[in-house]
Amino acid sequence: MRPPPETNTRPQLRRPRPVPLVTVAVSVALVSLLCLPVAADASRALHYSRDEHRRHQHHRARESKKNNHVSLPPDADGGDSPPEPPEAGGAGAPPPPLPPPAEDDDCGDVFDVRAFGASGGDDGSCSDDTLAFRAAWKAACSSDSATATLLVPSDGVFTISSTIFSGPCKPELTFQIDGVLMPPDGPASWPATDSRKQWIVFYKADRLTLAGEGTIEGNGEEWWDLPCKPHRGPNGSTLPGPCDSPALIRFFLSNDVTVCGLRIENSPQFHLRFDDCERVRVDGLFVSSPASSPNTDGVHVENTTSVQILNSRIYNGDDCVSIGAGCSDVHIENITCGHGHGISIGSLGVHNTHACVSNITVRNARILDSDNGLRIKTWQGGTGAVSAVEFAGVQMQNVKSCIVIDQYYCQGHGCANQTSAVRVASVTYRDIHGTYNPQAGAPIRLACSDAVACTDITMSGVELLPAGGDDGALLADPYCWNAYGVMETLTLPPVYCLLEGSPESLQDPLTSC
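Quantities reported herein were computed from a predicted structural model and do not represent experimental measurements. (Residues numbered from 1 in each chain as written. Predicted model: local features only at pLDDT ≥ 70, side-chain atom pairs only at ≥ 80, totals over all residues. Heavy atoms only, no water.)

**A short note on the overall build of the chain**
For the chain, the helix and strand inventory stands at five helices and 29 strands. Of the roughly 20,900 Å² of accessible surface on the chain, a fraction of 50% belongs to carbon and sulfur atoms. (Helix = DSSP H or I, 4+ residues; strand = E, 2+ residues; numbered from the N terminus. Areas by Shrake-Rupley, 256 points an atom, 1.4 Å probe, with all protein chains shown as cover.)

**Considering the state of the cysteines**
According to the stated counting rule, one finds seven disulfides in the structure shown. A sulfur-sulfur separation of 2.0 Å characterises the disulfide bridge that pairs Cys 228 with Cys 243. Measuring handedness by torsion sign, the sulfur bridge of Cys 228 and Cys 243 sits at about 80 degrees and is right-handed. Highlighted residues: Cys 228 in the loop between helix 4 (221–224) and strand 10 (247–252) and Cys 243 in the loop between helix 4 and strand 10, separated in sequence by 15 residues. (Disulfide = S-S within 2.5 Å.)

**As for the confidence of the model for the chain**
The predicted model of the chain has a mean per-residue pLDDT of 83, with 76% of residues at 70 or higher. Taken as a whole, residues 38–84 scores under 50 in pLDDT and shows 112 contacts with residues more than four places along the chain or in a different chain. Low pLDDT, under 50, characterises residues 88–99; the stretch is placed with 26 contacts to residues that sit more than four places away or in other chains. (pLDDT = per-residue confidence, 0-100. Contact = heavy atoms within 4.5 Å.)

**Description of the pattern of salt bridges**
Inspection of the entire model under this criterion finds 15 salt bridges. The salt bridge involving Lys 377 is made with Asp 319; its shortest N-O contact spans 3.2 Å. Separated by 58 residues along the polypeptide, Lys 377 in strand 22 (residues 372–378) and Asp 319 in the loop between strand 17 (305–315) and strand 18 (321–323) bring together distant segments of the chain. Residue class for Asp 319 comes out buried when judged on its relative accessible area of 2%. Salt bridges linked by common partners bring Arg 363, Glu 390, Arg 430 and Glu 488 together as one network. (Salt bridge = Lys/Arg side-chain N within 4 Å of Asp/Glu carboxyl O. Buried < 20%, exposed > 50% of the residue type's maximum accessible area, 1.4 Å probe, protein only.)

**Quick look at unusual backbone geometry**
Most peptide bonds take the trans configuration, and most residues that are not glycine carry a negative phi. Looking along the chain, the bond that leaves Gly 167 and enters Pro 168 is cis, with omega of 0 degrees. Mapped onto the elements of the fold, Pro 168 is located in the loop between strand 4 (163–166) and strand 5 (172–177). You will see that Asn 311, though not glycine, has its phi angle at about 50 degrees, which is positive. Within the chain, Asp 456 stands out as a residue other than glycine whose phi angle is a positive 55 degrees.

**Structural notes on the environment of Ala 140**
One can find Ala 140 in helix 3 (residues 130–141). Residues Ala 140 and Phe 111, 29 residues apart in the sequence, show an inter-C-alpha distance of 6.4 Å. In contact with Ala 140, not counting residues within four places along its chain, are Phe 111, Ala 148, Pro 171 and Leu 173.

**Side note on the UniProt feature "active site" (unreviewed entry) in the chain**
The feature "active site" (unreviewed entry), as annotated in UniProt, sits at His 341 in this numbering. Structurally, His 341 is set in the loop between strand 19 (327–338) and strand 20 (343–348). Residues within four places of His 341 in sequence aside, it is in contact with Gly 317, Asp 318, Asp 319, Asp 371, Asn 372 and Arg 375. (UniProt positions renumbered as here; feature names shortened; annotations may be inferred.)

**Side note on the environment of Gly 346**
Mapped onto the secondary structure, Gly 346 falls in strand 20. For Gly 346, a relative accessible area of 8% gives the class buried. When the C-alpha atoms of Gly 346 and Trp 379 are compared, they prove to be 9.1 Å apart, with 33 residues separating the residues in sequence. Those residues in contact with Gly 346, other than ones at most four positions away along the chain, are Asp 319, Ser 322, Ile 323 and Lys 377.

**Section: the sheet that holds strand 26 (residues 444–447)**
The 11 strands lie next to each other as 4-7-10-13-16-18-20-22-24-26-28, forming an open sheet whose pairing is parallel. Both outer strands of the open sheet, strand 4 and strand 28 (479–481), are each paired with one neighbouring strand and no more. Going across the sheet, the axis of each strand differs from the next one's by a mean of 15 degrees, ignoring polarity. As defined by bridge partners, strand 7 (residues 198–203) adjoins strand 10 across five bridges and the pair is classed as parallel. Its bridge partner lying in strand 10, Tyr 203 is registered against Phe 252. Packing against the sheet, helix 3 makes contact with strand 4 and strand 7, and its axis sits at approximately 10 degrees to strand 4. (Pairing = 2+ DSSP bridges. Axes fitted to C-alpha atoms, helices over the stretch in contact; angles between N-to-C directions.)

**What to know about the side chain of Ser 161**
As for its placement among the helices and strands, Ser 161 is situated in the loop between strand 3 (157–159) and strand 4. Sequence-distant contacts of Ser 161, defined by excluding residues within four places in its chain, comprise Asp 128, Thr 130, Arg 134, Pro 184, Pro 191, Asp 194 and Trp 199.

**Concerning the pairing of strand 20**
Most of strand 20 is tucked away: five of the six residues are buried. As paired strands, strand 18 and strand 20 are joined by three bridges and run parallel to one another. Within strand 20, the position partnered with Val 321 by the bridge is Ile 343.

Pasting the structure below:
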(Lines give C-alpha, C1' and ligand atoms only; values in the text may rest on other atoms or scores of the structure.)
Protein backbone atom coordinates (compact mmCIF):
# COMPACT_ATOMS: atom_id res chain seq x y z
CA MET A 1 0.00 0.00 0.00
CA ARG A 2 1.23 3.46 -0.81
CA PRO A 3 -0.39 6.87 -0.99
CA PRO A 4 -1.53 8.01 -4.42
CA PRO A 5 0.74 10.40 -6.29
CA GLU A 6 -0.13 14.06 -6.14
CA THR A 7 -2.08 15.37 -9.06
CA ASN A 8 -1.15 18.36 -10.19
CA THR A 9 -8.41 33.73 -19.11
CA ARG A 10 -5.23 34.38 -20.16
CA PRO A 11 -4.97 38.17 -19.89
CA GLN A 12 -4.02 40.21 -22.88
CA LEU A 13 -0.25 40.71 -23.19
CA ARG A 14 0.53 44.12 -21.86
CA ARG A 15 3.79 45.77 -22.80
CA PRO A 16 4.68 48.56 -20.41
CA ARG A 17 6.03 51.83 -21.59
CA PRO A 18 9.65 52.44 -20.58
CA VAL A 19 10.52 53.97 -17.22
CA PRO A 20 13.03 56.77 -17.90
CA LEU A 21 15.65 58.45 -15.77
CA VAL A 22 16.61 62.11 -15.55
CA THR A 23 20.34 61.54 -15.78
CA VAL A 24 22.50 58.45 -16.04
CA ALA A 25 24.58 59.47 -13.04
CA VAL A 26 21.52 59.85 -10.80
CA SER A 27 20.08 56.56 -12.05
CA VAL A 28 23.26 54.57 -11.50
CA ALA A 29 23.66 56.05 -8.03
CA LEU A 30 20.05 55.19 -7.19
CA VAL A 31 20.49 51.60 -8.32
CA SER A 32 23.67 51.34 -6.26
CA LEU A 33 21.79 52.47 -3.15
CA LEU A 34 18.82 50.19 -3.79
CA CYS A 35 21.03 47.16 -4.36
CA LEU A 36 23.03 47.54 -1.14
CA PRO A 37 22.25 44.87 1.48
CA VAL A 38 19.16 45.89 3.40
CA ALA A 39 17.07 44.59 6.26
CA ALA A 40 14.72 41.83 5.17
CA ASP A 41 11.58 43.75 6.08
CA ALA A 42 12.47 46.78 3.95
CA SER A 43 10.49 45.65 0.91
CA ARG A 44 9.84 47.97 -1.98
CA ALA A 45 6.36 48.97 -3.10
CA LEU A 46 6.41 47.26 -6.47
CA HIS A 47 2.77 46.38 -7.05
CA TYR A 48 1.19 49.34 -8.77
CA SER A 49 -1.36 49.69 -11.55
CA ARG A 50 -0.27 49.51 -15.18
CA ASP A 51 -2.00 52.84 -15.97
CA GLU A 52 0.09 54.58 -13.32
CA HIS A 53 3.17 52.83 -14.69
CA ARG A 54 2.54 54.08 -18.22
CA ARG A 55 1.75 57.66 -17.17
CA HIS A 56 4.94 57.77 -15.13
CA GLN A 57 7.02 56.45 -18.03
CA HIS A 58 5.52 58.77 -20.64
CA HIS A 59 6.19 61.84 -18.51
CA ARG A 60 9.78 60.92 -17.73
CA ALA A 61 10.59 59.82 -21.30
CA ARG A 62 10.25 63.38 -22.56
CA GLU A 63 12.53 64.67 -19.81
CA SER A 64 15.18 62.00 -20.37
CA LYS A 65 15.66 62.93 -24.02
CA LYS A 66 16.64 66.43 -22.92
CA ASN A 67 18.76 65.54 -19.91
CA ASN A 68 20.49 62.20 -20.51
CA HIS A 69 24.28 62.37 -20.52
CA VAL A 70 26.12 59.17 -21.38
CA SER A 71 29.61 58.14 -22.35
CA LEU A 72 30.18 56.98 -25.90
CA PRO A 73 31.41 53.43 -26.51
CA PRO A 74 34.93 52.51 -27.59
CA ASP A 75 35.82 51.05 -30.95
CA ALA A 76 33.46 48.10 -31.42
CA ASP A 77 36.19 46.16 -33.19
CA GLY A 78 38.81 46.65 -30.51
CA GLY A 79 39.82 43.92 -28.07
CA ASP A 80 39.19 40.20 -27.94
CA SER A 81 35.70 39.07 -26.99
CA PRO A 82 35.40 36.51 -24.20
CA PRO A 83 34.68 32.91 -25.23
CA GLU A 84 31.04 31.91 -25.41
CA PRO A 85 29.47 28.55 -24.58
CA PRO A 86 27.43 26.65 -27.21
CA GLU A 87 23.97 27.68 -28.36
CA ALA A 88 24.63 31.38 -28.74
CA GLY A 89 22.62 33.20 -31.38
CA GLY A 90 24.02 33.97 -34.80
CA ALA A 91 26.57 36.74 -35.22
CA GLY A 92 26.59 39.62 -37.67
CA ALA A 93 28.71 42.55 -38.75
CA PRO A 94 29.63 44.85 -35.85
CA PRO A 95 28.39 48.43 -35.80
CA PRO A 96 30.76 51.18 -36.95
CA PRO A 97 33.41 52.33 -34.45
CA LEU A 98 32.63 55.20 -32.13
CA PRO A 99 34.76 57.43 -29.87
CA PRO A 100 35.89 56.00 -26.50
CA PRO A 101 33.75 56.66 -23.43
CA ALA A 102 34.24 59.60 -21.13
CA GLU A 103 34.96 58.56 -17.57
CA ASP A 104 32.64 59.43 -14.71
CA ASP A 105 34.33 59.57 -11.32
CA ASP A 106 31.16 58.43 -9.52
CA CYS A 107 29.73 55.85 -11.90
CA GLY A 108 32.65 54.64 -13.98
CA ASP A 109 32.15 54.21 -17.72
CA VAL A 110 28.57 54.16 -19.01
CA PHE A 111 27.81 52.31 -22.25
CA ASP A 112 24.41 53.28 -23.64
CA VAL A 113 23.17 50.67 -26.15
CA ARG A 114 21.77 53.49 -28.32
CA ALA A 115 25.31 54.73 -28.92
CA PHE A 116 26.09 51.30 -30.41
CA GLY A 117 23.19 51.47 -32.85
CA ALA A 118 20.20 50.20 -30.86
CA SER A 119 17.01 51.83 -32.08
CA GLY A 120 14.54 51.00 -29.30
CA GLY A 121 11.32 51.88 -31.10
CA ASP A 122 8.01 52.60 -29.42
CA ASP A 123 7.01 48.93 -29.17
CA GLY A 124 10.19 47.11 -30.19
CA SER A 125 8.39 45.04 -32.81
CA CYS A 126 10.15 46.47 -35.87
CA SER A 127 13.73 46.47 -34.63
CA ASP A 128 16.39 43.91 -33.83
CA ASP A 129 18.96 45.42 -31.50
CA THR A 130 20.92 42.22 -30.85
CA LEU A 131 24.16 43.35 -32.48
CA ALA A 132 24.12 46.65 -30.63
CA PHE A 133 23.67 44.92 -27.27
CA ARG A 134 26.49 42.47 -28.00
CA ALA A 135 28.81 45.29 -28.98
CA ALA A 136 27.90 47.30 -25.88
CA TRP A 137 28.55 44.26 -23.69
CA LYS A 138 31.92 43.62 -25.33
CA ALA A 139 32.97 47.21 -24.72
CA ALA A 140 31.68 47.37 -21.14
CA CYS A 141 33.14 43.98 -20.23
CA SER A 142 36.60 44.99 -21.45
CA SER A 143 36.54 48.48 -19.90
CA ASP A 144 39.61 49.45 -17.88
CA SER A 145 37.44 51.37 -15.42
CA ALA A 146 36.94 49.85 -11.97
CA THR A 147 33.18 49.91 -12.57
CA ALA A 148 31.12 50.05 -15.73
CA THR A 149 27.43 50.23 -16.62
CA LEU A 150 25.71 48.88 -19.71
CA LEU A 151 22.65 51.10 -19.96
CA VAL A 152 19.30 50.21 -21.53
CA PRO A 153 17.81 53.71 -21.56
CA SER A 154 14.37 54.58 -20.33
CA ASP A 155 13.01 56.04 -23.56
CA GLY A 156 12.86 52.86 -25.64
CA VAL A 157 11.53 49.34 -26.13
CA PHE A 158 14.36 47.06 -27.26
CA THR A 159 14.13 43.62 -28.86
CA ILE A 160 17.05 41.20 -28.97
CA SER A 161 17.31 37.54 -29.94
CA SER A 162 18.84 34.75 -27.86
CA THR A 163 22.22 35.96 -26.59
CA ILE A 164 24.96 34.77 -24.25
CA PHE A 165 26.78 37.61 -22.48
CA SER A 166 30.09 36.02 -21.56
CA GLY A 167 32.72 36.96 -19.02
CA PRO A 168 34.99 37.18 -17.26
CA CYS A 169 34.83 40.95 -17.36
CA LYS A 170 37.50 43.40 -16.23
CA PRO A 171 35.31 45.85 -14.27
CA GLU A 172 32.58 45.33 -11.76
CA LEU A 173 29.71 45.53 -14.21
CA THR A 174 26.10 46.69 -13.90
CA PHE A 175 23.61 45.71 -16.60
CA GLN A 176 21.04 48.42 -16.02
CA ILE A 177 17.60 48.13 -17.61
CA ASP A 178 15.62 51.35 -17.33
CA GLY A 179 13.56 50.84 -20.48
CA VAL A 180 11.81 47.73 -21.79
CA LEU A 181 13.77 44.72 -23.03
CA MET A 182 12.09 41.76 -24.70
CA PRO A 183 12.66 38.73 -26.97
CA PRO A 184 11.01 38.07 -30.34
CA ASP A 185 7.25 37.68 -30.06
CA GLY A 186 6.53 33.95 -29.88
CA PRO A 187 7.82 30.74 -31.52
CA ALA A 188 7.02 31.88 -35.07
CA SER A 189 9.29 34.92 -34.68
CA TRP A 190 12.13 33.03 -32.98
CA PRO A 191 15.21 32.77 -35.24
CA ALA A 192 15.71 29.20 -36.40
CA THR A 193 19.42 29.26 -35.49
CA ASP A 194 18.79 30.39 -31.89
CA SER A 195 18.43 28.15 -28.86
CA ARG A 196 14.83 27.61 -27.76
CA LYS A 197 15.91 26.71 -24.24
CA GLN A 198 17.10 30.13 -23.13
CA TRP A 199 16.96 33.79 -24.10
CA ILE A 200 19.53 35.82 -22.14
CA VAL A 201 22.41 33.99 -20.46
CA PHE A 202 25.10 35.56 -18.29
CA TYR A 203 28.02 33.13 -18.47
CA LYS A 204 31.01 33.39 -16.12
CA ALA A 205 29.88 36.92 -15.34
CA ASP A 206 31.28 37.32 -11.82
CA ARG A 207 30.39 40.43 -9.80
CA LEU A 208 27.57 41.36 -12.18
CA THR A 209 24.57 43.39 -11.05
CA LEU A 210 21.37 43.17 -13.11
CA ALA A 211 19.19 46.07 -12.02
CA GLY A 212 17.13 49.05 -13.06
CA GLU A 213 13.70 50.66 -13.06
CA GLY A 214 12.55 49.03 -16.28
CA THR A 215 10.80 45.85 -17.40
CA ILE A 216 11.85 42.59 -18.98
CA GLU A 217 8.81 41.53 -21.02
CA GLY A 218 8.84 37.85 -21.97
CA ASN A 219 6.16 37.71 -24.71
CA GLY A 220 5.26 34.25 -23.45
CA GLU A 221 1.64 33.85 -24.50
CA GLU A 222 2.19 31.96 -27.75
CA TRP A 223 4.68 29.65 -26.04
CA TRP A 224 2.14 28.77 -23.34
CA ASP A 225 -0.38 27.80 -26.04
CA LEU A 226 1.82 25.25 -27.81
CA PRO A 227 -0.17 21.97 -28.10
CA CYS A 228 2.63 20.12 -26.27
CA LYS A 229 1.93 22.17 -23.14
CA PRO A 230 -0.36 20.60 -20.50
CA HIS A 231 -3.96 20.50 -21.76
CA ARG A 232 -3.29 22.93 -24.62
CA GLY A 233 -3.84 20.41 -27.44
CA PRO A 234 -7.14 19.55 -29.14
CA ASN A 235 -10.01 18.98 -26.69
CA GLY A 236 -7.73 19.70 -23.73
CA SER A 237 -5.16 17.05 -24.64
CA THR A 238 -1.38 17.28 -24.34
CA LEU A 239 0.37 16.36 -27.58
CA PRO A 240 3.79 14.67 -27.65
CA GLY A 241 6.87 16.08 -29.28
CA PRO A 242 9.66 18.58 -28.54
CA CYS A 243 8.36 21.31 -26.29
CA ASP A 244 11.36 23.52 -25.58
CA SER A 245 10.51 27.02 -24.37
CA PRO A 246 13.13 29.59 -23.39
CA ALA A 247 13.96 30.49 -19.82
CA LEU A 248 14.02 34.27 -19.81
CA ILE A 249 17.12 35.16 -17.72
CA ARG A 250 19.76 32.60 -16.78
CA PHE A 251 22.99 32.97 -14.81
CA PHE A 252 25.45 30.13 -15.42
CA LEU A 253 28.78 29.63 -13.64
CA SER A 254 28.61 33.17 -12.26
CA ASN A 255 29.58 34.19 -8.73
CA ASP A 256 28.82 37.22 -6.55
CA VAL A 257 25.85 38.28 -8.66
CA THR A 258 22.93 40.54 -7.75
CA VAL A 259 19.50 41.00 -9.31
CA CYS A 260 17.81 44.06 -7.90
CA GLY A 261 14.59 46.00 -8.41
CA LEU A 262 13.55 44.69 -11.81
CA ARG A 263 10.12 43.78 -13.12
CA ILE A 264 10.06 40.52 -15.13
CA GLU A 265 6.82 39.35 -16.68
CA ASN A 266 5.21 36.80 -19.01
CA SER A 267 8.20 34.49 -19.44
CA PRO A 268 7.81 31.58 -21.89
CA GLN A 269 9.24 29.33 -19.16
CA PHE A 270 11.31 30.08 -16.01
CA HIS A 271 11.59 33.82 -15.35
CA LEU A 272 14.96 33.81 -13.56
CA ARG A 273 17.29 30.88 -12.96
CA PHE A 274 20.75 30.28 -11.52
CA ASP A 275 22.86 27.24 -12.40
CA ASP A 276 26.24 26.43 -10.83
CA CYS A 277 26.56 29.81 -9.15
CA GLU A 278 27.84 30.96 -5.77
CA ARG A 279 26.85 33.97 -3.65
CA VAL A 280 23.65 35.10 -5.31
CA ARG A 281 21.39 37.93 -4.12
CA VAL A 282 17.91 38.67 -5.47
CA ASP A 283 16.25 41.71 -3.91
CA GLY A 284 13.16 43.76 -4.75
CA LEU A 285 12.15 41.57 -7.71
CA PHE A 286 8.62 41.73 -9.13
CA VAL A 287 7.48 38.79 -11.30
CA SER A 288 4.10 38.72 -13.02
CA SER A 289 2.56 36.01 -15.19
CA PRO A 290 -0.96 34.52 -15.28
CA ALA A 291 -1.90 31.61 -13.05
CA SER A 292 -2.54 29.59 -16.23
CA SER A 293 1.00 30.04 -17.62
CA PRO A 294 2.74 26.61 -17.49
CA ASN A 295 6.25 26.03 -16.12
CA THR A 296 6.83 29.71 -15.37
CA ASP A 297 8.79 29.34 -12.13
CA GLY A 298 9.62 32.73 -10.63
CA VAL A 299 13.16 32.03 -9.37
CA HIS A 300 14.87 28.65 -9.83
CA VAL A 301 18.24 27.71 -8.34
CA GLU A 302 20.19 24.54 -9.07
CA ASN A 303 23.69 23.47 -8.03
CA THR A 304 23.94 26.91 -6.46
CA THR A 305 25.07 27.87 -2.96
CA SER A 306 24.85 30.90 -0.66
CA VAL A 307 21.63 32.38 -2.04
CA GLN A 308 19.48 35.22 -0.70
CA ILE A 309 16.02 35.91 -2.16
CA LEU A 310 14.57 38.93 -0.38
CA ASN A 311 11.79 41.52 -0.46
CA SER A 312 10.17 40.26 -3.66
CA ARG A 313 6.71 39.63 -5.10
CA ILE A 314 6.14 36.74 -7.45
CA TYR A 315 2.83 36.00 -9.19
CA ASN A 316 3.09 33.20 -11.72
CA GLY A 317 1.77 29.84 -12.92
CA ASP A 318 4.23 27.44 -11.29
CA ASP A 319 6.63 27.40 -8.35
CA CYS A 320 7.21 30.83 -6.84
CA VAL A 321 10.72 29.74 -5.87
CA SER A 322 12.06 26.29 -6.77
CA ILE A 323 15.21 24.80 -5.28
CA GLY A 324 16.82 22.03 -7.27
CA ALA A 325 19.56 19.49 -6.61
CA GLY A 326 22.96 20.61 -5.37
CA CYS A 327 21.75 23.68 -3.46
CA SER A 328 22.74 24.69 0.05
CA ASP A 329 22.61 27.78 2.25
CA VAL A 330 19.52 29.27 0.61
CA HIS A 331 17.74 32.01 2.57
CA ILE A 332 14.32 33.30 1.47
CA GLU A 333 12.74 36.15 3.40
CA ASN A 334 9.97 38.71 3.09
CA ILE A 335 8.51 37.49 -0.20
CA THR A 336 4.93 37.20 -1.43
CA CYS A 337 3.86 34.35 -3.73
CA GLY A 338 0.56 34.52 -5.59
CA HIS A 339 -1.70 32.15 -7.59
CA GLY A 340 1.07 29.62 -8.32
CA HIS A 341 2.51 26.46 -6.75
CA GLY A 342 4.16 27.98 -3.69
CA ILE A 343 7.76 27.52 -2.52
CA SER A 344 9.20 24.14 -3.52
CA ILE A 345 12.27 22.07 -2.86
CA GLY A 346 12.49 19.77 -5.86
CA SER A 347 11.53 17.89 -7.72
CA LEU A 348 14.51 15.69 -6.83
CA GLY A 349 15.71 12.21 -7.80
CA VAL A 350 14.12 11.93 -11.25
CA HIS A 351 15.47 9.03 -13.34
CA ASN A 352 17.20 7.55 -10.26
CA THR A 353 19.54 10.53 -9.87
CA HIS A 354 21.42 11.56 -6.72
CA ALA A 355 20.28 14.85 -5.19
CA CYS A 356 21.41 16.74 -2.10
CA VAL A 357 19.81 19.91 -0.66
CA SER A 358 20.62 21.37 2.77
CA ASN A 359 20.43 24.46 4.97
CA ILE A 360 17.30 26.04 3.53
CA THR A 361 15.40 28.74 5.45
CA VAL A 362 12.14 30.46 4.52
CA ARG A 363 10.99 33.27 6.82
CA ASN A 364 8.28 35.93 6.84
CA ALA A 365 6.63 34.85 3.60
CA ARG A 366 3.06 35.17 2.31
CA ILE A 367 1.49 32.60 0.00
CA LEU A 368 -1.83 33.57 -1.58
CA ASP A 369 -4.46 31.65 -3.61
CA SER A 370 -1.98 28.94 -4.56
CA ASP A 371 -2.13 25.20 -5.26
CA ASN A 372 0.63 24.52 -2.74
CA GLY A 373 2.26 26.41 0.10
CA LEU A 374 5.51 24.83 1.34
CA ARG A 375 6.40 21.71 -0.62
CA ILE A 376 9.19 19.13 -0.81
CA LYS A 377 8.79 16.84 -3.83
CA THR A 378 10.90 13.82 -4.79
CA TRP A 379 10.59 10.99 -7.27
CA GLN A 380 10.71 7.33 -6.38
CA GLY A 381 14.07 5.71 -7.09
CA GLY A 382 16.40 8.64 -6.40
CA THR A 383 19.11 8.84 -3.75
CA GLY A 384 20.53 11.64 -1.62
CA ALA A 385 18.93 13.76 1.07
CA VAL A 386 17.05 16.94 1.91
CA SER A 387 18.09 18.12 5.37
CA ALA A 388 18.22 21.12 7.73
CA VAL A 389 15.15 22.93 6.39
CA GLU A 390 13.21 25.57 8.34
CA PHE A 391 9.95 27.25 7.35
CA ALA A 392 9.09 30.00 9.86
CA GLY A 393 6.61 32.85 10.03
CA VAL A 394 4.69 31.96 6.87
CA GLN A 395 1.18 33.28 6.27
CA MET A 396 -1.18 31.32 3.97
CA GLN A 397 -4.37 32.57 2.34
CA ASN A 398 -6.72 30.19 0.51
CA VAL A 399 -4.01 27.64 -0.29
CA LYS A 400 -5.08 24.14 -1.38
CA SER A 401 -2.24 22.12 0.17
CA CYS A 402 -0.37 24.22 2.73
CA ILE A 403 2.34 21.82 3.93
CA VAL A 404 3.44 19.03 1.60
CA ILE A 405 6.13 16.36 1.58
CA ASP A 406 5.50 14.26 -1.51
CA GLN A 407 7.94 11.43 -2.13
CA TYR A 408 5.68 9.94 -4.80
CA TYR A 409 5.96 12.87 -7.19
CA CYS A 410 5.05 11.75 -10.70
CA GLN A 411 4.20 13.57 -13.90
CA GLY A 412 1.89 11.24 -15.73
CA HIS A 413 1.06 7.64 -14.91
CA GLY A 414 2.86 4.40 -14.11
CA CYS A 415 5.40 5.66 -11.55
CA ALA A 416 5.94 2.51 -9.51
CA ASN A 417 7.32 2.26 -5.97
CA GLN A 418 11.06 1.67 -5.84
CA THR A 419 13.45 0.53 -3.15
CA SER A 420 15.33 3.81 -2.86
CA ALA A 421 14.36 7.45 -2.43
CA VAL A 422 15.81 10.84 -1.58
CA ARG A 423 15.73 10.98 2.20
CA VAL A 424 13.93 13.89 3.93
CA ALA A 425 15.17 14.73 7.43
CA SER A 426 15.26 17.61 9.94
CA VAL A 427 12.43 19.74 8.57
CA THR A 428 10.83 22.34 10.88
CA TYR A 429 7.51 24.13 10.38
CA ARG A 430 7.24 26.98 12.88
CA ASP A 431 4.53 29.67 13.14
CA ILE A 432 2.69 28.72 9.96
CA HIS A 433 -0.73 30.41 9.99
CA GLY A 434 -3.59 31.08 7.62
CA THR A 435 -6.37 29.44 5.63
CA TYR A 436 -6.67 26.50 3.29
CA ASN A 437 -9.19 25.69 0.57
CA PRO A 438 -11.59 23.22 2.21
CA GLN A 439 -12.52 21.70 -1.16
CA ALA A 440 -8.97 20.52 -1.84
CA GLY A 441 -8.45 17.78 0.74
CA ALA A 442 -5.82 17.58 3.47
CA PRO A 443 -4.06 20.91 4.16
CA ILE A 444 -1.08 18.98 5.59
CA ARG A 445 0.15 16.04 3.54
CA LEU A 446 3.28 14.10 4.54
CA ALA A 447 3.52 11.24 2.04
CA CYS A 448 6.94 9.67 2.66
CA SER A 449 8.53 6.77 0.87
CA ASP A 450 7.91 3.17 1.90
CA ALA A 451 11.63 2.49 1.61
CA VAL A 452 13.05 5.65 3.22
CA ALA A 453 10.99 7.31 5.93
CA CYS A 454 10.91 11.04 6.64
CA THR A 455 12.50 11.76 10.02
CA ASP A 456 12.87 14.62 12.53
CA ILE A 457 9.85 16.58 11.33
CA THR A 458 8.91 19.30 13.82
CA MET A 459 5.57 21.13 14.01
CA SER A 460 5.31 24.20 16.24
CA GLY A 461 2.75 26.98 16.19
CA VAL A 462 0.98 25.67 13.08
CA GLU A 463 -2.58 26.96 12.72
CA LEU A 464 -4.41 26.37 9.43
CA LEU A 465 -8.15 26.93 9.23
CA PRO A 466 -10.70 26.53 6.42
CA ALA A 467 -11.06 29.59 4.20
CA GLY A 468 -14.41 31.31 4.21
CA GLY A 469 -14.69 32.34 7.85
CA ASP A 470 -17.08 29.56 8.94
CA ASP A 471 -16.25 29.06 12.61
CA GLY A 472 -18.29 25.85 12.67
CA ALA A 473 -16.47 24.20 9.76
CA LEU A 474 -14.72 20.93 10.55
CA LEU A 475 -10.95 20.83 10.25
CA ALA A 476 -9.68 18.54 7.52
CA ASP A 477 -7.50 15.73 8.82
CA PRO A 478 -3.80 15.79 7.91
CA TYR A 479 -2.40 12.85 5.99
CA CYS A 480 0.81 11.05 7.01
CA TRP A 481 2.60 8.04 5.60
CA ASN A 482 5.85 6.76 7.12
CA ALA A 483 6.57 10.21 8.60
CA TYR A 484 8.38 10.50 11.97
CA GLY A 485 8.45 13.63 14.09
CA VAL A 486 6.94 15.65 16.92
CA MET A 487 4.38 18.36 17.61
CA GLU A 488 6.08 20.80 19.96
CA THR A 489 2.75 22.60 20.38
CA LEU A 490 -0.80 21.60 19.55
CA THR A 491 -1.37 22.33 15.87
CA LEU A 492 -4.56 23.09 13.97
CA PRO A 493 -5.41 20.70 12.54
CA PRO A 494 -3.62 18.33 14.96
CA VAL A 495 -0.99 16.17 13.24
CA TYR A 496 -1.55 13.08 15.34
CA CYS A 497 -0.52 10.91 12.42
CA LEU A 498 3.19 11.69 12.94
CA LEU A 499 5.04 8.59 14.14
CA GLU A 500 7.19 8.79 17.25
CA GLY A 501 10.83 7.84 17.44
CA SER A 502 12.75 6.77 14.35
CA PRO A 503 12.50 3.93 11.84
CA GLU A 504 14.62 0.81 12.07
CA SER A 505 16.56 1.52 8.87
CA LEU A 506 17.37 4.80 7.11
CA GLN A 507 19.32 3.29 4.19
CA ASP A 508 22.22 5.60 5.01
CA PRO A 509 24.56 4.09 2.37
CA LEU A 510 22.07 5.04 -0.32
CA THR A 511 20.98 8.44 0.97
CA SER A 512 24.18 10.03 2.24
CA CYS A 513 25.31 13.39 0.86
